[in-house]
Amino acid sequence: MSRFYVTTPIYYVNAEPHLGHAYTTIVGDALTRWRRLHGDDVLYLTGTDEHGLKIRQSADAAGMSPQAFCDSIAPKFAHAWERLNIANDDFIRTTEPRHHAAVQELLQRCYDAGDIELDTYSGKYCVACEEYYSDEELLDNDHCPIHKRPVDHFEEENYFFRLSRFQDRLLKWYADHPGSIVPEFRGNEALGLIRGGLRDFSVSRTSLDWGIRLPWDDKHVAYVWFDALTNYLSATGFGDSSVDYTQRWPVDYHLIGKDIIRHHCVYWPAMLMSAGVDLPKGWAVGGWLLVDGEKMAKSTGNVVNPLDLIDVVGVDGFRYYVLAETAYGSDGDFSFDGLVSRYNADLANNLGNLAARVATVVEKKCGGIGPAPRTDSPLAEAAAEAVAATTKAWDAVAPSRALEATWGLIRATNAYLEMHEPWKSEPGSDVDAVMGDALEALRIVTLLAHPAVPATTEVIWMRLGLSGSPADQRLPAATSWGGYAGGTAVEKGDPLFPRIKS
RNA sequence: GGGGCGGUAGCUCAGUGGUUAGAGCAGGGGACUCAUAAUCCCUUGGUCGUGGGUUCGAUCCCCACCCGCCCUACCA
């Protein structure tokens, strides 16, 4: 049994869960469910990022302590993932003791390695914002873009991580590990960032109090990088001397958005190198889900709450949509019309309807008991192709392609039924053969589609009269043609995906 | 300004240095009626962003440009 460890970014608790968070989290869930089907010992990690000035400010504004504020928001993420049927194995919060231990361990290791040194951070600072600004962010004459007033030149004593020392090592590592970033074109972006030159970055603040103290200098609080990124290590037990964190580390995939490539593919590996920790095996970089063609933002008022959508198309309808509609890596476009139309076309008309018609014909022509499939069924080849293509796609972290391949078998099965028209024949061996084949194809579809639509496939599995759950099956053996033995009572039940009238 | 990614049928996307560029959805026609007015078959539709270049030949290679988006160093 192999181990498989996948992470999502940890989400900043300054905002409530939205479509973008849900997208990445669903991709990770489907990917890890696929690995579980293969018997892997999976660790799927998500969580929340709870430190920093903005949390402090939001807490102050709410009249709460930062911890109480975080305690009020973090469960909303955990709850949202429950609603979306996310099977994360752990949920890490950066305010947890285990995370503090890991952050301090990583900091200490980098400090001991000589890669963290005291220096001076200087920049243009707006007192009203309590923020530093780069020259390009400022208006003409060094005015704050928000407050329209002059910024001050500030200097602050910071510890810096000597990222500049890592350019050659990072380039060599990536050259030695081709394909570690998928899709490939995102890997090229990361290399471009490294080749473009690396500057040291500060890892601490003295002006911040809501965070983790540096172990060797408690006047300083860790700034975001060493705090947030380290969560991936915290969950493995890193920093706890009684635990062998290498049982879980290195991670197989960090799922990230394209906007945080620099932090995850440049800063993070350099930090790990410095600390003597193995680097991740892979990164899977996703694009953004735009909403009606525009970037989702509070200012445009187009923030989509995923929980509103599951009232319309169900949990699996929503999961299927985000997985199927967008090629992971590229930007996708979310639209309500698209959601409904894909739900109707793929789930109601294809999968749901196939399950319904098969059950009806088995009931009418086979006495409600599913016949066994033929060993030499023409559908067997279509099934094998679907299994192969689906597997290849999931292995490449390409959910939309995986589902397309799986749906190919659904279409082939519908076509197969049309060709033989078993509803026109009298009960007998010919009808039994056709329906056995259809049931077997549907069983295989159920397994292949399970990572995307786990709840519905459980229901189909049960209606086919099969015991247990698709999740108990072991691929690839379970997707071999002929796994259905026949002789089970097939139940029609209510429509799995009632068609939505638009 | 610099770096990067993308621009292929109405929509979402595949794709390859070479005969007539593909899929799904949407549109049109037909068949069927087991099924959630679902399904199946056929079909309309593309100057493969623009202009050059390399080549016997480019959507795929090179250059320039246009458009969209991302990063540009401390918001995930």
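Everything numeric in this text was worked out from a predicted model, so none of it was measured. (Residues numbered from 1 in each chain as written. Chains lettered and ligands numbered in written order. Predicted model: local features only at pLDDT ≥ 70, side-chain atom pairs only at ≥ 80, totals over all residues. Heavy atoms only, no water.)

Chemist: Looking at this structure, how should I read the overall build of chain A?
Modeler: Summing up its helical and strand segments, chain A has 15 helices and 16 strands in all. On C-alpha atoms alone, chain A measures out to a radius of gyration of 26 Å, which is about the 23 Å that the 2.2 N^0.38 rule sets for 502 residues. Buried residues in chain A amount to 55% of all 502 residues. A separation of at least 24 residues holds for 77% of the contacts in chain A among residues at least 6 apart in sequence. (Helix = DSSP H or I, 4+ residues; strand = E, 2+ residues; numbered from the N terminus. Rg over C-alpha atoms; globule rule 2.2 N^0.38 Å. Buried < 20%, exposed > 50% of the residue type's maximum accessible area, 1.4 Å probe, protein only. Contact = heavy atoms within 4.5 Å.)

Chemist: Got a minute to help me understand the protein's contact with RNA strand B in this structure?
Modeler: Surrounding RNA strand B, one finds 47 residues, the nearest of these being Tyr 121, Glu 189, Tyr 223, Asn 353 and Arg 357. For RNA strand B, the fraction of protein-proximal atoms (within 4 Å) that sit in sugar or phosphate groups is 73%. At 2.7 Å, a side-chain N or O of Ser 202 approaches a base nitrogen of RNA strand B. Side-chain polar atom of Asn 353 to a sugar or linking oxygen of RNA strand B: 2.3 Å apart, as the coordinates give it. At nine residues, the largest contribution of residues to the surface near RNA strand B is made by helix α11 (residues 336-365). For the surface near RNA strand B, the class distribution of residues is 21 nonpolar, seven polar and 19 charged. (Near = heavy atom within 4 Å. Polar contact = N/O pair within 3.5 Å; in protein donor to acceptor, adjacent residues only side chain to side chain. Nonpolar A, V, L, I, M, F, W, Y, C, P; charged D, E, K, R; others polar.)

Chemist: Would you take a moment to explain helix α6 (residues 184-195) for this structure?
Modeler: Side chains of residues three or four places apart in an α-helix project in the same direction, reflecting 3.6 residues per turn. Taking 1.5 Å of rise per residue, twelve residues should cover 16 Å, and α6 covers 17 Å from first to last C-alpha, within 8% of that figure. Close packing links the buried residues of α6 with α5 (167-176), β8 (181-182), α9 (261-275) and β14 (283-286). Looking at the residues trailing α6, positive phi occurs at Gly 197, about 105°. (Expected span 1.5 Å × (residues − 1).)

Chemist: Would you take a moment to explain helix α4 (residues 97-112) for this structure?
Modeler: The first and last C-alpha atoms of α4 sit 22 Å apart over 16 residues, in line with the 22 Å expected at 1.5 Å per residue. Within α4, the full set of buried residues consists of His 99, Ala 102, Val 103, Leu 106, Leu 107 and Cys 110. Each buried residue of α4 lies within a common arc of 125° when the element is viewed along its axis, so the set occupies one face. Of the exposed residues in α4, the ones pointing more than 90 degrees away from its buried face are Pro 97 and Asp 112. (Arc of directions from axis to C-beta.)

Chemist: Would you take a moment to explain the nonpolar core for this structure?
Modeler: In summary, soluble globular proteins display a tendency toward joint burial of nonpolar side chains. Membership of the largest hydrophobic core comes to 101 residues, with the highest contact counts inside it found for Trp 81, Leu 84, Phe 318, Val 322 and Met 435. Dropping the residues within four chain positions of it, Trp 81 is found in contact with Tyr 11, Pro 17, His 21, Ala 22, Thr 25, Thr 46, Ile 86, Asn 88 and Phe 91. In this structure, Ile 10, Ile 181, Ala 275 and Leu 279 belong to the second largest nonpolar core, which totals 54 residues. (Core = buried A, V, L, I, M, F, W, Y, C linked by side-chain atoms within 4.5 Å.)

Chemist: I tried to follow the packing of helix α2 (residues 53-61) against helix α3 (residues 66-83) on my own but got confused; where do I start?
Modeler: Helix-helix packing is characterised by the crossing angle of the two axes and by the distance between the axes. Between α2 and α3, the shortest axis-to-axis distance is 8 Å and the interhelical angle comes to 90°. With respect to α3, the element α2 is oriented roughly perpendicular. Here Ile 55, Arg 56, Ser 58 and Ala 59 of α2 lie close against α3, whose contacting residues are Pro 66, Phe 69 and Cys 70. Residue composition of the contact of α2 with α3, grouped by class: five nonpolar, one polar and one charged. (Axes fitted to C-alpha atoms, helices over the stretch in contact; angles between N-to-C directions. Parallel < 35°, antiparallel > 145°, perpendicular 65-115°, else oblique.)

Chemist: Teacher, can you tell me more about the side chain of Asp 217 here?
Modeler: Note that Asp 217 resides in strand β12 (residues 217-222). With relative accessibility at 10%, the residue Asp 217 sits in the buried group. Here the side chain of Asp 217 touches Tyr 159 through a polar contact of 2.8 Å, side chain to side chain.

Chemist: I'm lost on the sheet that holds β12 in this one. Help?
Modeler: Think of a sheet as strands paired side by side through backbone hydrogen bonds, with each pair either parallel or antiparallel. Taken in spatial order, the three strands make up an open sheet running β10-β12-β11, and their pairing is antiparallel. Both outer strands of the open sheet, β10 (204-205) and β11 (213-214), are each paired with one neighbouring strand and no more. (Pairing = 2+ DSSP bridges.)

Chemist: What exactly am I supposed to notice about the pattern of salt bridges here?
Modeler: Side-chain pairs of opposite charge can arise whenever the charged atoms involved come near each other. On inspection of all chains with the given rule, the structure shows 30 salt bridges. One salt bridge connects Arg 162 with Asp 200, and the closest N-O pair in it is separated by 2.8 Å. Here Arg 162 is found in the loop between β7 (152-161) and α5, whereas its partner Asp 200 is found in the loop between α6 and β9 (201-202), with 38 residues between them in sequence. Arg 162 gets classed as buried once you look at its relative accessible area, which sits at 11%. Of the charged contacts in the structure, one is a salt bridge between Lys 219 and Asp 217, with a shortest N-O distance of 3.4 Å. In this structure, a network of salt bridges that share partners links the residues Asp 115, Glu 117, Asp 119, Arg 162, Arg 165 and Asp 200. (Salt bridge = Lys/Arg side-chain N within 4 Å of Asp/Glu carboxyl O.)

Chemist: Is there a simple way to think about the domain arrangement of chain A in this case?
Modeler: Where interface size is given, it is often the accessible area lost as the parts come together that is meant. What the domain assignment lists for chain A is domain 1 (3-308) and domain 2 (335-479). For domain 1 versus domain 2, the distance between C-alpha centres works out to 41 Å. Listed by partner, the interface residues are 15 residues for domain 1 and 19 residues for domain 2. Approximately 1,400 Å² of surface area, both sides summed, lies buried where domain 1 meets domain 2, with 68% of it carried by carbon and sulfur atoms. Of all residues in domain 1, Arg 33, Trp 34 and Leu 37 give up the largest surface area on contact with domain 2, accounting jointly for 47% of the area buried on that side. For Arg 35, the salt bridge identified is with Asp 395, shortest N-O distance 3.5 Å. Our count for the contact surface shared by domain 1 and domain 2 stands at three residue pairs in polar contact (both at pLDDT 80 or more). The residue inventory of the side of domain 1 that touches domain 2, partitioned by class, reads eight nonpolar, three polar and four charged. (Domains from an automatic or database assignment. Buried area = accessible area lost by both parts, 1.4 Å probe.)

Chemist: Quick question: what am I supposed to make of the pairing of strand β4 (residues 90-93) here?
Modeler: Both faces of the sheet carry side chains from a regular strand, because those side chains alternate between them. Judged by which residues are buried, β4 turns out to be covered on both faces: Asp 90 and Ile 92 on one side and Phe 91 and Arg 93 on the other are all buried. Relative to β4, strand β3 (residues 41-49) runs parallel, the two being bridged by four bridges. Each bridged residue has a counterpart across the sheet, and for Thr 48 the counterpart in β4 is Arg 93.

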